[in-house]
Amino acid sequence: MKILFIASEGLPYSKTGGLADVIQALPKALVASGHEVAVVLPHYRGTRTAATAASSLTIPIGNGLRFPSIADGSVVDGVRYFFIEDPQYFDRAQLYGENGRDYPDNAERFGLFSRASIELAKQIWRPDVIHCHDWQASLVPVLLRTQYSGDPAFLGVPVVLTVHNLGYQGIFGRDALARLGLPETLFHVDALEFYGKVNLLKGGLLFSDYLTTVSRKYAQEIQTVEYGHGLDGVIRLRAADLAGILNGVDYSMWSPENDALIARKYSANDLAGKAACKSDLLDQLKLPAANLKRPVVGILSRFADQKGFDLIAQMAVDLLKEDVCLAVLGTGEPKYESMFQALAEREPDRVGVRLGFDNVLAHKIEAGSDMFLMPSRYEPCGLNQIYSLRYGTVPVVRATGGLDDTIEAFDARTGAGTGFKFQEYDAKELVATLRQAIKVYRDAPLWRKLMANGMAKDFSWAASAAEYTRLYKRAWESRAKVLAESQMQGSVPANRKIAPNI
Ligand code: ADP
C-alpha cells in the first residue's frame, strides 16, 4: 500500500516531543514490512531539501492567496520526504511558538500546511491511505470530506487520524473559519464548533474514517470526562472506529548496545558500561562523584503540567531527605524551570539541572540514571519510560495511559515486574513509591533482577506496525464498500461515517 503521513514534526528533521520519534520510526517499520511510505512536514528553519516538486501552489488564506512550494527531500531509510515551504510561516526560531506563547497565526500556518499536503496527494504522490497526526493535520479530513468531497482523486482514499495528545486541540476564535477559507456551515456543534470557538482536532475526530491513539489504556481514558479535555463525548461517538495502538521503540537508536551518544556501551549480559555512564552523567551535570553510591533519579521531559511537575514541586523537600541524587533535563513552563533551578541551588551536590533541549544529554540520562521518574497527570503513551527499560533504568511512574500499559509493578517476593507505579495523582503516593524503589535499590541482587526484567522487554515497532497495517486495510476496504454502494444506488456517498452529513 501507499501511505502518506501528514504531520507537523518528524525526525530526522524536526522535533519538540515524542510525535517526532513516532513520525520517524513508524514509516520506517511500515517500509520494512513492504509498504511505500511518504511523509510530508513543514519546511522549518534549518531543513535541507534536495529538489522542488511543485514551485507554486495556490492556497486561499485570509483575504488573499498564498503560494507555497513543495520540496522533495531525500529518501531516508526507504521513506520519501516532502516539505511544504512558506518561509514567512515556517522559517522561524521554533515550531509552534516562543517564550511559552503560541504563534498567533498557527491556524493559518497549519491550515496552509494541510491544504498544501492535500495538493501534494493529488498532484505528486497519490496515496491509498492518508494518515494524519494531531490537530495540525486535522483540517485534512475536514477538507477532503467537505470542500474536496466531489474530487474523484480522493473518493476512495480513507483518512486515519492519530491523536498523540488530546490536550492539544488547535482551538481558535470563530473568525479562524474565514481566515482558513472554510464555510460558516462548519461552525456547527456536529462539526468544528466547540463552546463558541473553532476546534480543529474536533473536526478531525468527526471527519476521519478511523481514529487511533497511542496506547490501549489512553483510548479508554479519553472517553471519560476526567481525561477527555471536553472532547470525551465526541470520542465516545467514534468509539467503534477508535483503536489504541502502542508506540514502539527504534532500538537502533535507543538501546545501550547501539547507542553512540553514551560514554560506554553495555548490555544485559555485561553491565560494566552502565557504571561508566553514571559517572559520565554526573560529570555532565557537574555533580560530585560521591553520588555514584546514591541512586540517581533521572527526569527528562517537556516541562508541562501534564507531566506531573506540580507533584514534584510538592514533594521535592521530602524526596531530598532521602539519600538520592536528581539528574534533570527539560524545558518548558518557566515556573517549572525556576523550581528545578531553585532545587539545584539548594542542593548543588545532589541536584543537577540542565534547562534546554539536548538530545545527547537525553541519551546520557537514560543510560546513566538508576531510576527514571515520570509521574504524569496523563500520558498518552510516553516514550522515555520504554527507553528506560532497555537501559536498565527502572521507571517510577503514575499508572495512567501508556505508562500503565508498559510498566509492570515490581513484586519483591516473586521477583516479577519492571518498575514502580502509583495510582492516585498525589504527592504522598509519589514519595512512598520512590521510597519503595530506593529500598529495593539497596538490595543489589534484587535490583539487578528488576533491571534484567526491564531490559528483556521488547517494544520494537514490528508488532505495532502490523496493527496499523490491519487498520489501513480495513479503512481502505470500508471506503471502497461505501463507494460501491453509493454507485449502485446512484447517490453521493455520505461524507462521514457518523450522521449527520454536514
Ligand atoms: P511528549 O511527546 O509528551 O513530550 P514522550 O515521552 O512521548 O513525551 O516523548 C518525549 C521525547 O522527547 C523523547 O524522545 C525524549 O527523549 C525527548 N525529549 C523531551 N525533552 C527533551 C529535552 N529537553 N531534550 C532532549 N530530548 C527531549
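It should be emphasised that the depicted structure is a prediction, and the values quoted were computed from it without experimental measurement.

> Give me the overall build of the protein: which residues, what numbers.
Helices and strands together make up the secondary structure of the protein, namely 17 helices and 22 strands. Relative to the 2.2 N^0.38 estimate, which gives 23 Å for 502 residues, the radius of gyration of the protein is 23 Å and therefore close to what a compact globule would have. In terms of principal-axis extent, the alpha carbons of the protein reach across some 75 × 45 × 45 Å. By the burial criterion, 59% of the 502 residues in the protein qualify as buried. In the protein, of all internal contacts separated by at least 6 residues, the share reaching a separation of at least 24 is 71%. Of the roughly 19,800 Å² of accessible surface on the protein, a fraction of 51% belongs to carbon and sulfur atoms. Averaged over its 56 positive side-chain charges, the protein has a centre that lies 1 Å from the centre of its 57 negative ones.

> Quick one: what's the story with the nonpolar core, residue by residue and with numbers?
Nonpolar side chains in soluble globular proteins tend to be buried together. Core analysis: the biggest nonpolar cluster contains 69 residues, and Ile6, Ile130, Phe154 and Leu205 have the highest contact counts within it. Considering every element that reaches this core, the biggest residue donor is helix H3 (residues 106-123), with eight residues. When neighbours within four sequence positions are excluded, Ile6 is seen to be in contact with Val40, Phe113, Ser117, Ile130, His131, Cys132, His133, Ala137 and Val140. In this structure, Val297, Met315, Ala427 and Val440 belong to the second largest nonpolar core, which totals 38 residues.

> Can you explain unusual backbone geometry? Please cite residues and give values.
Along the chain, Leu11 connects to Pro12 via a cis peptide bond; the corresponding omega equals 5°. Note on placement: Pro12 falls in the loop between strand E1 (2-6) and helix H1 (18-32). Phi is positive for Asp77, close to 55°, though the residue is something other than glycine. Note that Asp77 resides in the loop between strand E6 (69-76) and strand E7 (79-85). Not every positive phi belongs to a glycine, and Tyr195 is a case in point at roughly 50°. When you line up the elements, Tyr195 lands in the loop between strand E13 (193-194) and strand E14 (197-199).

> Residues and numbers for the sheet that holds strand E12 (residues 171-172), please.
Overall, antiparallel pairing links the three strands, which are arranged E12-E14-E13 in an open sheet. The sheet terminates laterally at E12 and E13, the two strands that pair on one side only. Relative to E14, helix H6 (residues 200-207) is tilted by about 50°, and along the sheet it contacts E12, E13 and E14.

> Could you give an account of the packing of aromatic side chains, naming the residues involved and the relevant values?
Counting across every chain of the model gives 20 aromatic pairs. On the numbers, 6.3 Å between centres and 80° between planes, the contact of Tyr89 with Phe90 is edge-to-face. Note on Phe90: relative accessible area 0%, which makes it buried. Joined through ring pairs, the aromatic side chains of Tyr44, Tyr89, Phe90, Tyr96, Phe110, Phe113, Trp135 and Phe172 make up one cluster.

> Let's hear about the pairing of strand E19 (residues 351-355): which residues, and what values?
Looking down a regular strand, the side chains alternate between one sheet face and the other. Relative to E19, strand E18 (residues 325-332) runs parallel, the two sharing five bridges. Counted as the bridge partner of Val328 is Val353 from E19. Since E18 and E19 lie parallel, the crossover through helix H11 (residues 334-346) that links them has a hand, and here it is right-handed.

> Summarise the sheet that holds strand E22 (residues 420-422); cite the residues concerned and give the values.
Taken together, the six strands give an open sheet; going across it, the order is E19-E18-E17-E20-E21-E22, and neighbouring strands pair in parallel fashion. Of all the strands in the sheet, the pair left with one neighbour each is E19 and E22. Along the sheet, successive strands turn relative to each other by an average axial angle of 15°, direction set aside. Of the strands in this sheet, strand E17 (296-303), E18 and E19 are in contact with helix H9 (residues 272-284), which crosses E17 at around 55°. On the sheet, helix H16 (residues 444-455) packs against strand E20 (371-374), strand E21 (394-398) and E22 and is oriented at approximately 75° with respect to E21.

> How would you sum up the side chain of Ser464? Please name residues and give values.
With respect to the element layout, Ser464 can be found in helix H17 (residues 461-489). There is a polar contact of 2.6 Å between the side chain of Ser464 and the backbone oxygen of Leu246. Residues within four places of Ser464 in sequence aside, it is in contact with Ile245, Leu246, Asn247 and Gly248.

> I'd like to hear about the domain arrangement of the protein, residue by residue, with values.
Segmentation of the protein into domains returns domain 1 (2-248 + 461-488) and domain 2 (272-455). Between the C-alpha centres of domain 1 and domain 2 the distance comes to 33 Å. Tallying the contact residues gives 19 residues for domain 1 and 20 residues for domain 2. Around 1,400 Å² of area is buried between domain 1 and domain 2 when both sides are counted, 55% of it from carbon and sulfur atoms. Three residues, Lys217, Tyr227 and Leu246, lead the burial of domain 1 against domain 2; their summed loss comes to 29% of the area buried on that side. Viewed at the interface, domain 2 and domain 1 are joined by one salt bridge. Ionic pairing is found between Lys217 and Asp404, a salt bridge with its closest N-O pair at 2.6 Å. On inspection of domain 1 and its partner domain 2, the count reaches 12 residue pairs in polar contact (both at pLDDT 80 or more). Those elements that provide at least two residues to the side of domain 1 that touches domain 2 are H1 and helix H7 (216-221). Considering each element in turn, the side of domain 1 that touches domain 2 owes the most residues, four residues, to H7. Taken together, the residues of the side of domain 1 that touches domain 2 break down into five nonpolar, nine polar and five charged.

About the criteria used
- Residues numbered from 1 in each chain as written.
- Predicted model: local features only at pLDDT ≥ 70, side-chain atom pairs only at ≥ 80, totals over all residues.
- Heavy atoms only, no water.
- Helix = DSSP H or I, 4+ residues; strand = E, 2+ residues; numbered from the N terminus.
- Rg over C-alpha atoms; globule rule 2.2 N^0.38 Å.
- Buried < 20%, exposed > 50% of the residue type's maximum accessible area, 1.4 Å probe, protein only.
- Contact = heavy atoms within 4.5 Å.
- Areas by Shrake-Rupley, 256 points an atom, 1.4 Å probe, with all protein chains shown as cover.
- Lys, Arg positive; Asp, Glu negative; His and termini not counted.
- Charge placed at Lys NZ, Arg CZ, Asp CG, Glu CD.
- Core = buried A, V, L, I, M, F, W, Y, C linked by side-chain atoms within 4.5 Å.
- Pairing = 2+ DSSP bridges.
- Axes fitted to C-alpha atoms, helices over the stretch in contact; angles between N-to-C directions.
- Phe/Tyr/Trp six-rings, centres within 6.5 Å; stacked < 30°, edge-to-face > 60°.
- Right-handed = clockwise from strand over helix to strand, strands pointing away.
- Polar contact = N/O pair within 3.5 Å; in protein donor to acceptor, adjacent residues only side chain to side chain.
- Domains from an automatic or database assignment.
- Buried area = accessible area lost by both parts, 1.4 Å probe.
- Salt bridge = Lys/Arg side-chain N within 4 Å of Asp/Glu carboxyl O.
- Nonpolar A, V, L, I, M, F, W, Y, C, P; charged D, E, K, R; others polar.

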